[in-house]
Each structure stands twice: as C-alpha cells, then as structure tokens.
Amino acid sequence: MAEYLIKNGFVFDPVTGVKGDKKDVAIRDGKIVDSVSSSAKVYDAAGKTVMAGAVEVHAHVAGPKVNEGRNYRPEDKLFGTRVRDSKDTRMTGGFSIPTTFKTGYSYAKMGYTVVMEAAMPPLYARHVHEEMRDTPIIDQGAFPVFGNNWFVLEYLKNNEVENTAAYIAWLLRASKGYAVKVVNPGGTEAWAWGLNCLSVNDPVPYFDITPAQIVKGLIEANEYLGLPHSIHIHANNLGNPGNFQTTLDTFKLAEGYKTNNKFGREQTMHHTHVQFHSYGGDNWGNFESKADAIMDYVNANPNLTIDTGNVTLDETTTMTADGPFEHHLTELNHLKWANVDVELETAAGIVPYVYSPDIKVCAIQWAIGLELALLAKDPMRCFITTDHPNAGPFTRYPRIMKWLMSKESRDERLNTFKHADKVISSTLLAGLDREITFYELAQMTRAGPAKALGLAGTYGGLAPGMDADVVVYDINPEGPFTGEDIERAFTDASLVFKTGTLVVENGRVINNGNKRTLWVDAKVNENAQVMRDVEEKFLKYYSVSLKNYEVQGHHYIPNPYAIEVDATSEV
Amino acid sequence: METVTLTIKKTPTLMLEAEAISPDGLAGKSLDQIKALPVHMGREQFTIGEYFDVTGATSATAGETKVVVKGDLSRVKYLGTKMSAGELVIEGNADMYVGAWMSGGKLTAKGSVDGFAGTGMKGGELLIEGNAGNYLGSAYRGDWRGMQAGLIRVKGNVGSDTGYFMNGGEIIIEGNADVHVGTHAEGGKIVIKGNAKSRVGGQMVEGTIILFGTVDVMMPGFKYIGDEEIEVDGQKTVMSAYIGDLGERHRKRKGESVYGKLYLAKAAPADAGASRDARLARAREAKKARFVPVEGTTSA
Ligand SMILES: [Zn+2]
C-alpha cells in the first residue's frame, strides 16, 4: 500500500472549492483519499502551491504531421539537445517539435498529467498511437478528424444523423480515438479541389453540403451518442482579418442543442484556438482585435467552451489539417511548405513561422490571446493553450501564466513592442487590469478542461476517489512574487505525482510513470448500412485494407483506458 | 591582449566536439579551469586537458583574448563556434563548423577546413588560408538563414554549396568553386576569382555573385542585361551583368522587381563550352588540391 501525505501547502482546487487554504492532500494506491495511516511518506509543502495535475485540451504532439515537422526542420533541434535527467530517462531535443521524450517530460515538469492530441488523421491512427506510446508519463487521447470525411459528408448531406453516429462510433473504435474533431469543415475537402470554404455557407465542391450543415449534423450525432467530449471545432476562415464574424456564425450553429451525456459535460461545442479566429479589419494594415465581440458571445452562452491559442512570440512550426490555410501561410512568409492529402478523410500542411515582437500583426495576435482569457467571465469555460506548436510551443505555458497573472509583466511586454502604439490602439489589452488568480488558473488548466472533456470524475481535481495527479509548485500564493517567479515556479514543479507515483522531484524527471491511452468505446445498435458502406469504401477507394487500418492490440496501446458509452437504448 | 595556446597531444579516435575553444569560451579562465572544460566525443564527455596542452594566459574579456590552436586538428569540430570577439588562430587543418555562427572577432585558419565553416555567420572575419569544404557560409541543414554578415576569405578552393541561403555579408574565394554557389541566396556577395562548375545562383532571389574565371554550365534562369563596372579588392573591372534566377519569386522595391545579380568575366561565354577533357582535368586538380598539408603540422 503506497501512501503519501503532502502537508501544509496552499491548496487550490475548484472541484472541492478550496481557494488557497492550508491543507493536506492524502494519496493511497494511486487515488486521492481523505486520510492516510501514520506510515505514509510525508512531503512538506509549506509555503508552496498545491494543485491537481493540469489537463491539456488541445495540442499537436503525435502523429504524421508532427513527425514530418521534426523531419523537415532539423534546425529546430540544433541547439536544444539536453542530457537525461536521471538514469531512467532519455536525452531530449527539439523546441517547437520536441522529441516524444521531451514532450512527456516537459509536460510533466510543468505539472500536466493529461494531454489530448488534437488532430488524428484516422488513416494514420497507428502512427499517432505509436508516438503517444513513446511519450512517457502523461495520459493521452487523440481526436480523429471528421469535418471533411467522405462518409460524414455523404450521410449529413441526406440528414442521416443516426448513420453518422454509427460511423463515428465505428471510427472511434477503429482508430482508438477520443472525440469528434472538426477542422475547417468542408474547407479541407474543398482544398483537394484547389478551393476553400471561408464562411459557414460556402458549398463544398462535389458533395454540395455547407460547413453549417456539417457542424450541426456532427453536434447532433455527438449528442446522440452521448460522448464524453463535445464536438471540438476549428472553424472556417482561420487566420484572416475580419474572420471574427465567421467565428460568431460558427458559435451560433450550436444554439438550441441540448447536451446528452453521463459525464457532467455542459457544453455542446468546444471551439479551439480562438485567438486565430478573433480578428477584425479587412486587411493586414487595419488588422485589429475583436476579442470583445467574441467573448461577449462566449460569456453569454454556457453551451460553449473555448481554448485560447496564445501566441508566445517564438519561432515555431505551424501544422494543421487546415490544408488551404497552410498554403496561404507559405505564400505570405515564403518559408518551406509541406502538404499532404489523406485519402477520403482529411489533409495537412506544415510551415515554419516566426512570431516576431517587431511585427505589428504578431504583437496584436499576442494581445488577443491574452484578452480572451482576461475577458472570460467563467474560467471553467476558457482554457489556456498555444495550439502547440501553432501559436508557440507548449513549454511556454508558464510564460503565458506570467502575462495573465501579472499586469506588470504583460504591460512591460506590451509597451516595448517595436510598434507598441499601433498595437495598443488595435487591441484592448492596455485597458485590462485583471490578474488571473491561482484559483482561476486551476479552473482554466485543471477543473475546466477536465469537465469539458467529460473526465471530471478522474482528472483535474483533488476530491477523494479521483486519480492522484498532484502537483506542488515552489511559489507562495500569498506573495510577494514577481512575474518571473511565476514563470519559474510553473516551469519546473517541486513535486509531481501521476496516479500516485512521484514522477518529478525538484524539476527533474525521476520516473516514467504509468502512461495510459484514453479512448471512447461507444456502443450503438447494429447498423448494416454503415458497415456495408465501410466495406465498400475500403474496396473501392482506400489504398489500404480494413485489416491494415484498425488500431488493435498491445503494440499500439499497451495500457488502454477505455471510456464506455452506450447509445443502443436510443432506438 | 593575452595569448593562450592549446596544442593537441593525441588524435581523437572519433571526432572531438570542442565548441569551448574560442575567445568567448576561454576568456577570464585560468589554465586549470580551461583544462577542465568539457569536450565531447560520441556520447562521452572528456576535458580539454585530456586532449590539449594549454599554455599562456587569457584576458578577462573575449575581445582581449587571442587563442592559438596547434597540431593536427582534422578530427576536431566546432573550433571558434559562436565566437563574438577576440582572435582565434588555427594552425593545422580542422574539421567541420569552424567559425559557425560567429558574430565578431577574427578567426584565421592557416590550413584547410572541412564543411560548414562560417555556417549562419553573423559578423566578424573568417580567413581560411587553405581550402574550405562544402557548405561554406551556408545555412544549417533545413534552415533558411545562412550567412547574415561578416567576411569570409578563402585563399584556396571551396567545395559545393557555398553561400547556400546566404542573406548578407561577403565571401571571397581566391581559388575555384565546386557546384551550387549562392543557392537560394537572398542577399550578400560571393566573389570567385577562379573557376566555377555549374548551378551558380540557382534559385537565387537576391544578392550578388561575381565570377572572374569560367563557368562550365550556366543556369538557364539568368538573363544578360549589359556590361557594368564593378570593384573587388580595390580593382575595377568591366563585366557582363546577368539577372536571375528568373524562375523564382522576386520582391519589389519602389515598384521595381529586385533580382539576384551574376557578373561574369567578359571572356567567359567563350570558355563556357570548354571541352569535356578540360573540365575533367580541372575537376581532378580541384579534388587533389582539396586538402593541402600545412607546414609545421603532422597532418601531411
Ligand atoms: Zn490545433
């Protein structure tokens, strides 16, 4: 019986409502418990901050496009290679596209214990799972992409929600996926025709369906199945001046739907990396923040959750299933471009990008990401991300926390931009005095994302019975502390327990933990039509056979954590 | 200015990575501290003292420190990497990455150097008295930021891919150049006093290449625009001016498209069709001359 007691820390836990009280946290056999015996190993956390393990809702950390990024950017790992922390760990390397080992270790050091891979091309699900398997410590799930999938487009064109749901259930099982991801609905399929969909009403060539129909149909199918997570969407028109209107149009597609799930999830739509979707103006000259219009809508509509997609002002590697956007980007910055079409399912592009503080647009993007979080009235519905690596590497989270928690730190950054005057006049940030508190931070990085993912019973909190993912940070929340103290403390945690195993001590990884792969096993009534369609498409179109497609067995998922959903009673 | 001298005392079995050996790495350190600095070979770490005798003294700052490295350094990489000031003299042949990412100071290699010398160079002066290998003054693998500023002068010949993704600064080659010169260049100037082979200025967007000798095969994407007088090392010459690479995108400045410029000696076109035998003979000569032994070293 392994017992630990973390004594006297300042505890922040939205699940139990503890707001910085001095409390003890007890762990027995991988779970949080009320109390432990006198033989428990005791850790003194006096003067330090204690939170549950953090939950990453959206990052690109495994799979073919991440690996192609590594492959075609040897310069990304030129100077960052580090020797291993301890004898059981490996050397690490890479900055915006780190090695799998660095991914696991760096998240763990920051106190993150669950990380969702945000875009899994089903055809390459095996690759995604192999990389996640090789990423130590953190529990992971992956979101297969559905928004440009031929089955989905064909079923939804005819309003066949039940068939869409049966196909989703089948594909989640075949790819061992976790949630329904939608990237540039219809637009990525249009890209295969050299086109795009820039509004929710642009028809998709050949399929003659609109992004609005795709999104609404997927919400209906998602709630029909009662999946733990809602649909997780990257809307049309990403990255373009004036796109906030498309974003609002997309939000509105979720109006009128009720959630249906047993996991305590309240939203019917999660919109990701909203920073990239909150732009005003109609060209790069009059480009400006529309974070206020976006957050007014989000604040008034509890059926929505969002993540920020904060620009960190680094050199990074953009990668997305939004193929037409990456082509647009390489035309803008003239840096190298990788592009792939994934048969019947999706596409992807990759372009390096330098977010320079000397470029006005980059500085405005930086401000917008912070504004979204600072304007959020309900921190349980707004989560911090960088859409890693698109707006910056996830290893910069502590720096974003510094900017959110210290007005002095963000003003110092804002006022020293090369085009500070123009940036200030095009954004709202200078007028925002709010400093995110430690409790709100725990909502935005722990309890909030865990709830939105339908994992509130397991992760993101310190209630007895939950998984013992517990983090101690070397910072006294009662102060005094500087912005730099925040960044330092949240970069290298003092202690990190993952499911009751001490994996990080004083900022060093000491144990590879007990990594699990999360996936959703959704049961539906037998659906002969969908199974016939699957067989036919594999015979007619796919370049692989069904047997070489499905993700099965110990090789891909040595330690599965299946979440079961039963949608058979619906009929 | 103080001088510290490092003399290699045994040949490394693999390649020794010694980025500590630069004025920046050694300034302000005692001889014992220098001997304790790390060098790497494969996955193992060693000390400078295990491979070098160290004599002399350093000053407090890199700018006031001169470092002299002696002996057969042909299995030592990264000499003078990232140096920002002061002086470094390499008295034998050296391996790859000499003066890579250097931003200031003066580095003199009295022998030949292998590939990637002056990679991503940002300033300072790199003088190579022997030959240089491939990728002189280029970008690191995958990177689009080659040499940014500073001066590289090579007394001998250079290998292939000189000035790959060059953005600024100047490379002067007194001998011949192998294939691919200024590929993807977006700035800077490359002078070749000897001959070039082929693919000179391929995919060049901006920048200047001046070739006094012959070129075996011209790129098809360059267009003759007339004769112009240019100046190199104080000598004025009238040369044939070409713009290109016309197959690439070109940015506009004040409404005018900006092109890469290639200057050829006026007699060059006649030589362009030199016989195959002559070309092969030249190639053999260049290969033989790639590594010239340096007096006073054991590398011959
Ligand atoms: Zn993303």
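Residues numbered from 1 in each chain as written. Chains lettered and ligands numbered in written order. Predicted model: local features only at pLDDT ≥ 70, side-chain atom pairs only at ≥ 80, totals over all residues. Heavy atoms only, no water.

## Side note on the overall build of chain A
Stated formally: A helix here means a DSSP run of H or I that spans at least four residues, while a strand means a run of E at least two residues long, and both kinds are numbered starting from the N terminus. We compute the radius of gyration over the C-alpha atoms and compare it with the globule rule, which gives 2.2 Å times the number of residues raised to the power 0.38. Accessible area is worked out with a 1.4 Å probe on protein chains only. A residue is then buried under 20% of its type maximum, exposed over 50%, and partly exposed in between. Working definition of accessibility: Shrake-Rupley area with a 1.4 Å probe, residue cover restricted to the visible protein chains. Only four residue types enter the tally: Lys and Arg on the positive side, Asp and Glu on the negative side; His and the chain ends are excluded. One atom stands in for each charge, and that atom is NZ of Lys, CZ of Arg, CG of Asp or CD of Glu.
Counting secondary structure elements, chain A contains 17 helices and 24 strands. Whereas a compact globule of 571 residues would reach a radius of gyration of roughly 25 Å, chain A reaches 22 Å, a difference of no more than 12%. Viewed in the frame of its principal axes, chain A has a C-alpha envelope of about 65 × 60 × 45 Å. Taken across its 571 residues, chain A has 64% of its residues classed as buried. Approximately 19,700 Å² of chain A is accessible, and the part contributed by carbon and sulfur atoms is 48%. Across chain A, the 55 positively charged side chains and the 71 negatively charged ones have centroids separated by 4 Å.

## A few points about the environment of W366 of chain A
Residue and element names in this part refer to chain A. The line we're drawing: Every residue pair with non-hydrogen atoms within 4.5 Å of one another is taken to be in contact.
Tracing the backbone shows W366 in helix α11 (residues 360-374). Each C-alpha atom, one on W366 and one on T312, is 6.6 Å from the other, the two residues being 54 residues apart in sequence. Setting aside residues up to four positions removed in sequence, W366 forms contacts with V311, L313, W403, R410, R413, L414, F417 and L429.

## Re the domain arrangement of chain A
All names here are of chain A. Test applied: Domain segmentation is taken from an automatic or database assignment of domains. As used here, buried area is the combined drop in accessible area, with a 1.4 Å probe, of two parts when they are placed together. The salt bridge definition used is simple: a Lys or Arg side-chain nitrogen within 4 Å of an Asp or Glu carboxyl oxygen. Whenever two N or O atoms come within 3.5 Å, that pair is a polar contact, provided that in protein one can donate a hydrogen and the other can accept it, and provided that, for residues adjacent in sequence, both atoms are side-chain atoms.
Taken domain by domain, chain A consists of domain 1 (3-51 + 460-509) and domain 2 (54-313 + 357-452). Taken residue by residue, the interface counts 32 residues in domain 1 and 28 residues in domain 2. When the buried surface of domain 1 facing domain 2 is broken down by residue, P14, F490 and V509 rank first, second and third, together holding 25% of it. Where domain 1 packs against domain 2, one counts 4 salt bridges. When the shortest N-O distance is used, the salt bridge between K402 and E487 registers 3.1 Å. The interface formed by domain 1 and domain 2 holds 12 residue pairs in polar contact (both at pLDDT 80 or more) in total. Here the element with the most residues in the side of domain 1 that touches domain 2 is helix α16 (residues 483-491); it accounts for 6 residues.

## Quick word on the interface of chain A and chain B
Every contact between the two is made by 11 residues of chain A and, on the other side, 9 residues of chain B. Summed over both sides, the interface between chain A and chain B buries roughly 870 Å², with carbon and sulfur atoms accounting for 70% of that surface. Per-residue buried area on chain A facing chain B is highest for E75, L78 and F79 of chain A; these three make up 46% of the total on that side. The interface formed by chain A and chain B contains 1 salt bridge.

## Some points on the coordination of the zinc ion
Residue and element names in this part refer to chain A. Rules: Listed donor atoms are N, O and S within 2.8 Å of the metal (Na, K and Ca: 3.2 Å). As water is not included, a site may look incomplete.
Around the zinc ion, the protein contributes the donor atoms H58 (NE2), H60 (NE2) and D387 (OD), which lie 2.1 Å from the metal centre. Of note, the zinc ion draws all its donor residues from one chain, in the sequence arrangement H-x1-H-x326-D. Taken together, the residues span a long stretch of sequence, with H58 in strand β6 (residues 54-59) and D387 in the loop between β18 (382-383) and α12 (397-405) at a distance of 329 residues. Each member of the pair, H58 as well as D387, is classed as buried.

## Points about the pairing of strand β10 (residues 231-234) of chain A
Residue and element names in this part refer to chain A. The condition that has to hold: For two strands to pair, DSSP has to find at least two bridges joining them. Crossover handedness is defined by viewing with both strands directed away from the observer: a clockwise path from the first strand over the helix to the second marks the crossover as right-handed.
Burial along β10 is two-sided: the residues I231 and I233 and H232 and H234 are all buried. Relative to β10, strand β9 (residues 181-183) runs parallel, the two being bridged by 3 bridges. What sits directly across from V183, in β10, is H234. Note on the crossover from β10 through helix α8 (residues 244-252) to strand β11 (residues 269-271): the handedness is right-handed.

## A closer look at helix α9 (residues 291-300) of chain A
Given 3.6 residues per turn, any residue in an α-helix points the same way as the ones three and four places further on. Residues and elements named next belong to chain A. So the rule is basically this: Working definition: the arc comes from the directions between the helix axis and the C-beta atoms, pointing outward to the latter.
For α9, every residue scored as buried is listed here: A291, I294, M295, Y297 and V298. Here the buried residues of α9 occupy an arc of 155° about the axis, which is enough to place them on one side. Exposed side chains of α9 directed beyond 90 degrees from the buried face belong to D296 and A300. Packed against the buried residues of α9 are α8, β13 (288-289), β14 (304-307) and α11.

## Thoughts on the packing of aromatic side chains
Operational definition: Pairing of aromatic rings covers Phe, Tyr and Trp, the last counted by its six-membered ring, and requires centre-to-centre distances within 6.5 Å; plane angles under 30 degrees mean stacked, over 60 mean edge-to-face, and any other angle means tilted. Counted as over-ring charges are cases with an Arg CZ or a Lys NZ within 6 Å of the ring centre that also lie within 35 degrees of the ring normal.
Considering all chains together, one arrives at 40 aromatic pairs over all chains under this definition. Taking 5.6 Å as the distance between ring centres and 55° as the angle between the ring planes, the aromatic pair formed by Y107 of chain A and Y112 of chain A counts as tilted. With centroids separated by 5.0 Å and ring planes inclined at 75°, the aromatic side chains of Y164 of chain B and F165 of chain B adopt a geometry described as edge-to-face. If you follow K19 of chain A out to its NZ or CZ, it ends over the ring of Y439 of chain A, 4.8 Å from the centre. Cation over ring: K336 of chain A sits above Y72 of chain A, and NZ or CZ is 5.1 Å from the ring centre.

## Regarding the pairing of strand β11 (residues 151-154) of chain B
Residues and elements named next belong to chain B. Here strand β10 (residues 125-128) pairs with β11 via 4 bridges, running parallel. Counterpart to L126 in the pairing with β11 is I152. Relative to strand β12 (residues 170-173), β11 runs parallel, the two sharing 4 bridges. Counted as the bridge partner of V154 is I173 from β12.

## Observations regarding the pattern of salt bridges
Side chains bearing opposite charge may pair, as long as their charged atoms lie close to each other. Across all of its chains, the model carries 44 salt bridges over all chains by this definition. A salt bridge links D85 of chain A to K109 of chain A; its shortest N-O distance comes to 3.0 Å. Placement of D85 of chain A in the loop between α1 (64-72) and α2 (100-109) and of K109 of chain A in helix α2 is noted, with a sequence separation of 24 residues between them. Overall, D85 of chain A belongs to the partly exposed group, its relative accessible area being 21%. Three or more residues are tied together by salt bridges with common partners; here these are R73, E75, E315 and K336 of chain A together with D143 and R145 of chain B.

## What about the confidence of the model for chain B?
All names here are of chain B. Defined as follows: The quantity called pLDDT is the predictor's confidence in a given residue, expressed from 0 to 100.
Taken as a whole, chain B shows an average pLDDT of 92; of its residues, 92% reach a score of 70 or greater. Low pLDDT, under 50, characterises residues 268-273; the predicted model gives this stretch 5 contacts beyond four residues in sequence or across chains. Counting interchain partners and residues more than four positions distant, the pLDDT-below-50 stretch residues 296-300 has 8 contacts.

## Examining the nonpolar core
Using the following cut-off: The criterion is simple. A nonpolar core is a set of buried Ala, Val, Leu, Ile, Met, Phe, Trp, Tyr and Cys residues joined through side-chain atoms within 4.5 Å.
Core analysis: the biggest nonpolar cluster contains 159 residues, and Y107, Y167, Y178, L218 and W366 of chain A have the highest contact counts within it. Of all the elements, α11 of chain A adds the most residues to this core, at 11 residues. Residue-level mapping places this core at the junction of two domains, with at least three residues from each of domain 1 (3-51 + 460-509) and domain 2 (54-313 + 357-452) of chain A. Y167 of chain A has contacts with F146, N149, F151, V152, Y155, V530 and V534 of chain A, leaving out every residue within four places of it along the chain. Core analysis: the next-biggest nonpolar cluster, separate from the first, contains 59 residues, L16, M102, L126 and I192 of chain B among them.

## Some points on the side chain of N303 of chain A
Residue and element names in this part refer to chain A. Within the fold, N303 resides in the loop between α9 and β14. For N303, a relative accessible area of 15% puts it in the buried group. Other than its neighbours up to four places away in sequence, N303 contacts A254, E255, E266, Q267, T268 and M269.

## Focus: helix α4 (residues 150-157) of chain A
Residues and elements named next belong to chain A. Residues of α4 that are buried include every one of F151, V152, L153, Y155 and L156, and no others. Tucked into the core, α4 has its buried residues touching α5 (161-175), α6 (187-191), α7 (211-225) and α17 (528-540). Between a side-chain oxygen at the N-terminus of α4 and the backbone nitrogen of F151 the separation is 2.8 Å; the capping residue is N149. Directly beyond the C-terminal end of α4, a positive phi value near 60° is found at N159.

## Details of the sheet that holds strand β17 (residues 346-354) of chain A
All names here are of chain A. Going by this rule: Working convention: axes come from line fits to C-alpha atoms, limited for helices to the stretch in contact. Angles between N-to-C directions cover 0 to 180 degrees.
The strand order across the open sheet built from 3 strands is β15-β17-β16, with neighbouring strands paired in antiparallel fashion. In the strand order of this sheet, the two ends are held by β15 (315-320) and β16 (338-342), each with one partner. Between one strand axis and the next, the sheet turns through 15° on average, direction left out of account. Relative to β17, β16 runs antiparallel, the two sharing 5 bridges. Bridge pairing in β17 links D341 to A347. Sitting on the sheet, helix α10 (residues 323-333) touches β15 and β17, and the angle it makes with β17 is about 30°.

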